[in-house]
Amino acid sequence: MDLQSWIIFFFAIQLLHGLATFKLYVKAGRKAWEAFVPVYNAVILMKIINRPWYWTILLFLPIVNLILFPVIWVEIARSFGKNSRLDTLLAIITLGFYSFYLSYSLDLDYINDRSLKPRSEVGDWVSSILFAIVAATIVHTYFIQPFVIPTSSLEKTLLVGDFLFVSKFHYGARTPQTAVALPMVHDAIPTTLIPSYLEKPQLPKFRFPGFQDIKRNDIVVFNWPVDTLTVITDVNSAVKHKPLDKKSNYVKRCVGLPGDSLAIKNGYVYINGKKNELPDRAKLQFFYSVVFKTGLSQNFIDQYGLTEIFDLYEVKKTIYENDKVQDYFKTNNLNLKSVYEYDEKVIFRGNLNRETYVNLKIKESKKAYVINLTEDLAKIIKKNPNVISITKNLSNPKDYEPKTFPSSPDYTWNKDFFGPMYIPQAGATVDLNIDVLPLYKRIITAYEGNTLKVNGNQILINNQVATTYTFKQDYYWMMGDNRHNSQDARAWGFTPQDHVVGKPVLVWMSYDTNGKGLNKIRWDRLFTTVSGEGKATSFLIPVLVLIFGYIGFSRYRKKKKANA
């Protein structure tokens, strides 16, 4: 629904409300016209049902209002003496239309001073649960949202199993676009694949002002831009519908801001020609091929805290160097690269399918592995007497990786050598031609809602010939510090401003699935800040002191009040 449709819908609801309740307003000592005036009628209704004025605000908060509407319908009935379970059920299942019956079929008296206390323990329990959900939904939607780190793309800064609090208000909280959804549930009902929402209706986009802009190298949570693609590694893939605010949540580091020129060389990001300097907590990691004298032991893994280890392969040198075999590798884009040779064997890395693995008698090497390392750790490991060689697995500048944005043969980029390219800024205009179109095609269509056609060398936007394009919003470049094991902007491209969810501010819990017993909890990470300089400091002890202090103070107050 567009804005005009929502305005018409809003006034239609106001008219229905007025027709259903104006007689009840009169019986409560109000004027009939007060039932028809938008917003004001809600203020008066809160007085009639003896509820606080701020409920009026809650009625206009998406998702929260879905919880509150049934409560209001029931409260209207009870304000006129209709307290039975049947009345409650009818008020809810008729979606409030029970008020027509109360107004036009019954002669009811208004109960001005009715008790608001639930008449049973069950009622009290239900009331408490409902308003706990309302409060939690408001906090979750507009202030702080919990989030868990599922992958290692920001390893060393954020670990798999970190539980975060993500601030919605730093960059400005968004109002939900999906009007009908379960509160505090994202895209599916837990433990099922059933959507937790209805795709329609959709509310207009709106973001409250934030108190800071996204800064370079900020860690940002955002909706995954390509979560609507049937093939997520192909930006030109067919599209399936998924509401923006129900796309999967991702967390990456923002290394490129609107208006920047970005390039990647040897795995390092360059902004406007200068190497991007990351904060000291950020630790870049790359895949390294490590060859050992006697193989890789568990003691070695524990000594250096290695977490991501992958197999390398070896085969007889005569097979590896055979022209037909090499042609087969190239034809199938296996991109195999020699790492080390010994005893007429070749250790190599690359992608292998099972057929090749079996037919060429290739086996996993027991002497060499691919290990994910920071550069500092790679230098330390290189000095270990069991290590023969260690090589960073960088792509060749001339290697074209088709799954790298923008997935076009005109841009023969890869994960380590990329760009340069311009990151769009709201209001900026670029010259538009067939050469640059692959970079901005998805922005023009999927993110900014235009139609696009290409006739020869001619580009038509909304059926008009276009030689330039002016961007409607800001865009960002989001990447992981784990440069060889992160699906990030190098795969899908730009992240629009309207996809930004919030800023991670605190690790409140950290759980290590590889740990044992109490060591499954990373105690030194509990209640640590996400950003900042130097090693993260745990504030667990001060937090526990505050919690127990509050509990003790509350008990003291209750005891003092009881003895008064």
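Look a little higher up for the structure.
All of these numbers come straight from a predicted model, not from anything done at the bench. (Residues numbered from 1 in each chain as written. Predicted model: local features only at pLDDT ≥ 70, side-chain atom pairs only at ≥ 80, totals over all residues. Heavy atoms only, no water.)

A short note on helix α12 (residues 375–382)
Among the residues of α12, Leu377, Ala378 and Ile381 are the ones counted as buried. Buried residues of α12, viewed axially, fall in a sector of 105°; they line one side. Exposed residues lying more than 90 degrees from the buried face of α12 are Asp376, Lys379 and Lys382. (Buried < 20%, exposed > 50% of the residue type's maximum accessible area, 1.4 Å probe, protein only. Helix = DSSP H or I, 4+ residues; strand = E, 2+ residues; numbered from the N terminus. Arc of directions from axis to C-beta.)

Overview of helix α2 (residues 40–48)
Along α2, the positions that sit buried rather than exposed are Asn41, Ala42, Ile44, Leu45, Met46 and Ile48. Buried positions along α2 lie against α1 (3–27), α3 (55–58) and α4 (64–79). With its phi angle positive at about 60°, Asn50 sits one or two positions after the end of α2. (Contact = heavy atoms within 4.5 Å.)

Section: the packing of α1 against α2
Where α1 contacts α2, the two axes come as close as 12 Å, and the packing angle between them is 35°. Considering how the two elements wind past one another, α1 and α2 form a crossing that is left-handed. Every residue of α2 that contacts α1 at Gln14, His17 and Tyr25 is listed here: Asn41, Ile44, Leu45 and Ile48. In terms of residue class, the contact of α1 with α2 is made up of four nonpolar, three polar and no charged. (Axes fitted to C-alpha atoms, helices over the stretch in contact; angles between N-to-C directions. Left-handed = near helix turned anticlockwise from the far one by under 90°. Nonpolar A, V, L, I, M, F, W, Y, C, P; charged D, E, K, R; others polar.)

A closer look at the nonpolar core
Within soluble globular proteins, side chains that are nonpolar generally end up buried alongside one another. If you look at the biggest cluster of nonpolar residues, it comprises 32 residues, and the most contacted ones within it are Leu45, Met46, Trp55, Leu58, Ile72 and Ile138. For this core, the secondary structure elements donating two or more residues are α1, α2, α3, α4, α6 (98–104) and α7 (121–142). The element contributing the most residues to this core is α4, with eight residues. Residue contacts for Met46: discarding those within four places in its chain leaves Arg51, Pro52, Trp55, Thr56, Leu59 and Ile72. (Core = buried A, V, L, I, M, F, W, Y, C linked by side-chain atoms within 4.5 Å.)

Re the packing of α4 against helix α5 (residues 85–93)
In helix packing, the relevant descriptors are the interaxial angle and the interaxial distance, both defined with respect to the helix axes. Relative to each other, α4 and α5 sit at 135°, their axes nearing to 9 Å. Classified by the angle between their axes, α4 and α5 sit oblique to one another. Between α4 and α5 lies a crossing whose hand is right-handed. Mapping the contact onto sequence places Pro70, Trp73, Val74 and Arg78 in α4 and Thr88, Ala91 and Ile92 in α5. Among the residues forming the contact of α4 with α5, the class breakdown is five nonpolar, one polar and one charged. (Parallel < 35°, antiparallel > 145°, perpendicular 65-115°, else oblique.)

Notes on the pattern of salt bridges
Scanning all chains against the criterion turns up 19 salt bridges. Note that Lys345 and Glu314 form a salt bridge whose closest N and O atoms lie 3.9 Å from each other. With a gap of 31 residues between them, Lys345 in strand β11 (residues 345–349) and Glu314 in strand β9 (residues 309–316) connect regions that are remote in the sequence. The salt bridge partner of Asp399 is Lys337, with a shortest N-O separation of 3.1 Å. Of this pair, Asp399 sits in the loop between β13 (387–392) and β14 (418–422) while Lys337 sits in strand β10 (residues 337–342); the two residues are 62 residues apart in sequence, bridging distant segments of the chain. Here the salt bridges do not stand alone but share partners, grouping Asp162, Asp512, Arg522 and Arg525 into one network. (Salt bridge = Lys/Arg side-chain N within 4 Å of Asp/Glu carboxyl O.)

Things to note about a nonpolar patch on the surface
The grouping of Ile541, Leu544, Val545, Ile547, Phe548, Tyr550 and Ile551 at the surface amounts to a nonpolar patch, some 730 Å² of accessible area in total. Mapped onto the fold, Phe548 is located in helix α15 (residues 540–563). The class for Phe548 is exposed, based on a relative accessible area of 58%. (Patch = residues over 30% accessible without salt bridge, like charges linked within 9 Å, V, L, I, M, F, W, Y side chains within 5 Å. Areas by Shrake-Rupley, 256 points an atom, 1.4 Å probe, with all protein chains shown as cover.)

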